[in-house]
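Residues per chain are reported as follows:
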Amino acid sequence: NAGVTQTPKFQVLKTGQSMTLQCAQDMNHNSMYWYRQDPGMGLRLIYYSASEGTTDKGEVPNGYNVSRLNKREFSLRLESAAPSQTSVYFCASHFGQLNTEAFFGQGTRLTVV
Amino acid sequence: QKEVEQNSGPLSVPEGAIASLNCTYSDRVSQSFFWYRQYSGKSPELIMSIYSNGDKEDGRFTAQLNKASQYVSLLIRDSQPSDSATYLCAFRGILTGGGNKLTFGTGTQLKVEL
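Residues numbered from 1 in each chain as written. Chains lettered and ligands numbered in written order. Predicted model: local features only at pLDDT ≥ 70, side-chain atom pairs only at ≥ 80, totals over all residues. Heavy atoms only, no water.

**Student:** What is the right way to read the side chain of S93(A) from this model?
**Tutor:** All names here are of chain A. Position of S93 among the secondary structure elements: in strand 9 (residues 87-94). Since its relative accessible area comes to 0%, S93 is described here as buried. A polar contact of 2.7 Å, which involves the side chain of S93, links it to the side chain of H29. When near neighbours in sequence (up to four residues on either side) are disregarded, S93 contacts V4, Q25, M27, H29, S31, M32, E101, A102 and F103. (Helix = DSSP H or I, 4+ residues; strand = E, 2+ residues; numbered from the N terminus. Buried < 20%, exposed > 50% of the residue type's maximum accessible area, 1.4 Å probe, protein only. Polar contact = N/O pair within 3.5 Å; in protein donor to acceptor, adjacent residues only side chain to side chain. Contact = heavy atoms within 4.5 Å.)

What follows is the structure, encoded as structure tokens:
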């Protein structure tokens, strides 16, 4: 049982390059999230998908796009990477009810130079 | 005002002491509250959840919720060096368009000293 799997674990991009962060969960969860974590800033929500077929902006969506490919997969795309997007990115999922635990992937450490 | 406020610390306590971590939130319709622990370089892991006013105990951990005062706290008894980590407070509230989202505080760094 893998839980929430993110790929890649590490990535270095040049300014202006694009890339897609992949996230997949095998727990049959309805809701999935993308967060970024910067020193002193905590976890900030980028985008979320309450259920398959829906996506919504979070706190810091600028510069990102997402796709809820199916119930299992939720990808995050950086179309033109900027140094300000250097961060650790976490994907999370849960069943969707209020009183349910969210599970996190292992994170992707992204550096934009 | 931030939705969730936490003292960033570091909070230093001696081994065996009680560590007290606090969190206040601004969203009055928040329904569910969570404490996550995050070790350096790792992903957050859930240690406690609490949904109604009062105390909830699980081993050495006690979560306390006061919805009227809009705060939630975490007590760690008999603190151990392995408890040294960042503790993230989070709440989940209902969205006007349906669904819900999880909002995190900035975290409090706890250091348990020998």
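After presenting the structure, the write-up continues.
**Student:** For this particular structure, what's the right way to read the packing of aromatic side chains?
**Tutor:** By convention here, two paired aromatic rings are described through the distance between centres and the angle between planes. Counted under the stated rule, the structure contains 13 aromatic pairs over all chains. Between the aromatic rings of Y33(A) and Y35(A), the centroid separation amounts to 6.0 Å while the plane-to-plane angle is 25°, which identifies the pairing as stacked. Comparing Y33(A) with Y35(A) shows no difference in burial state: the two are buried. Centre to centre, the rings of F104(A) and F104(B) are 5.9 Å apart; their planes meet at 70°, and the pair counts as edge-to-face. Taken as a pair, F104(A) in strand 10 (residues 103-104) and F104(B) in strand 10 (residues 100-104) lie in two separate chains rather than in one. With a relative accessible area of 7%, F104(B) lands in the buried category. Taken together, Y33(A), Y35(A), Y48(A), F90(A), F104(A), F34(B), Y36(B), Y51(B) and F104(B) form an aromatic cluster joined through their ring pairs. When the ring centre of F61(B) is taken as origin, the NZ or CZ atom of R60(B), which lies over that ring, is 5.5 Å away. (Phe/Tyr/Trp six-rings, centres within 6.5 Å; stacked < 30°, edge-to-face > 60°. Lys NZ or Arg CZ within 6 Å of the ring centre and 35° of its normal.)

**Student:** What is the right way to look at the state of the cysteines in this model?
**Tutor:** As used here, a disulfide is simply a covalent bond connecting the sulfur atoms of two cysteines. Residue and element names in this part refer to chain B. Overall, the coordinates contain two disulfides over all chains when judged by the stated rule. Shown here is the disulfide that connects C23 with C89, its sulfur atoms set 2.1 Å apart. Its S-S torsion of approximately -70° makes the covalent link between C23 and C89 left-handed. Residue C23 is found in strand 3 (residues 19-25), and its partner C89 is found in strand 9 (residues 85-94); the two are separated by 66 residues along the sequence. (Disulfide = S-S within 2.5 Å.)

**Student:** What exactly am I supposed to notice about the sheet that holds strand 3 of chain B here?
**Tutor:** Pairing between the strands of a sheet is mediated by backbone hydrogen bonds and can be parallel or antiparallel. Residues and elements named next belong to chain B. Strand order in the open sheet formed by five strands is 1-3-8-7-6, and the pairing between neighbours is antiparallel. The open sheet terminates on both sides in strands that have one partner only, identified here as strand 1 (4-6) and strand 6 (54-58). Averaged over all pairs of adjacent strands, the angle between their axes in this sheet comes to 20°, without regard to strand direction. Where strand 7 (residues 61-66) lies against strand 8 (residues 71-76), six bridges are found, and the strand directions are antiparallel. Of the residues in strand 8, the one forming a bridge with N66 is Y71. (Pairing = 2+ DSSP bridges. Axes fitted to C-alpha atoms, helices over the stretch in contact; angles between N-to-C directions.)

**Student:** Any chance you could explain the interface of chain A and chain B here in plain terms?
**Tutor:** In this complex, chain A contributes 22 residues to the contact, which on the side of chain B involves 22 residues. When chain A packs against chain B, close to 1,700 Å² is buried across both sides, 56% of that on carbon and sulfur atoms. Counting across the chain A and chain B interface gives zero salt bridges. Joining chain A to chain B, the criterion identifies five residue pairs in polar contact (both at pLDDT 80 or more). Among the secondary structure elements, those contributing two or more residues to the side of chain A that touches chain B are strand 4 (31-38), strand 5 (42-49) and strand 9 of chain A. Of the residues forming the side of chain A that touches chain B, the biggest block, four residues, is contributed by strand 5 of chain A. Its residues assigned to classes, the side of chain A that touches chain B shows ten nonpolar, ten polar and two charged. (Buried area = accessible area lost by both parts, 1.4 Å probe. Salt bridge = Lys/Arg side-chain N within 4 Å of Asp/Glu carboxyl O. Nonpolar A, V, L, I, M, F, W, Y, C, P; charged D, E, K, R; others polar.)

**Student:** Looking at this structure, I do not really get the pattern of salt bridges. What am I missing?
**Tutor:** Oppositely charged side chains can form a pair if their charged atoms are brought close together. Residue and element names in this part refer to chain A. Taken as a whole, this structure holds six salt bridges over all chains when the rule is applied. For D38, the salt bridge is made with R44, and the minimal N-O distance between the two is 2.8 Å. Look at the salt bridges and you will find they share partners, linking R36, D38 and R44 into a network.

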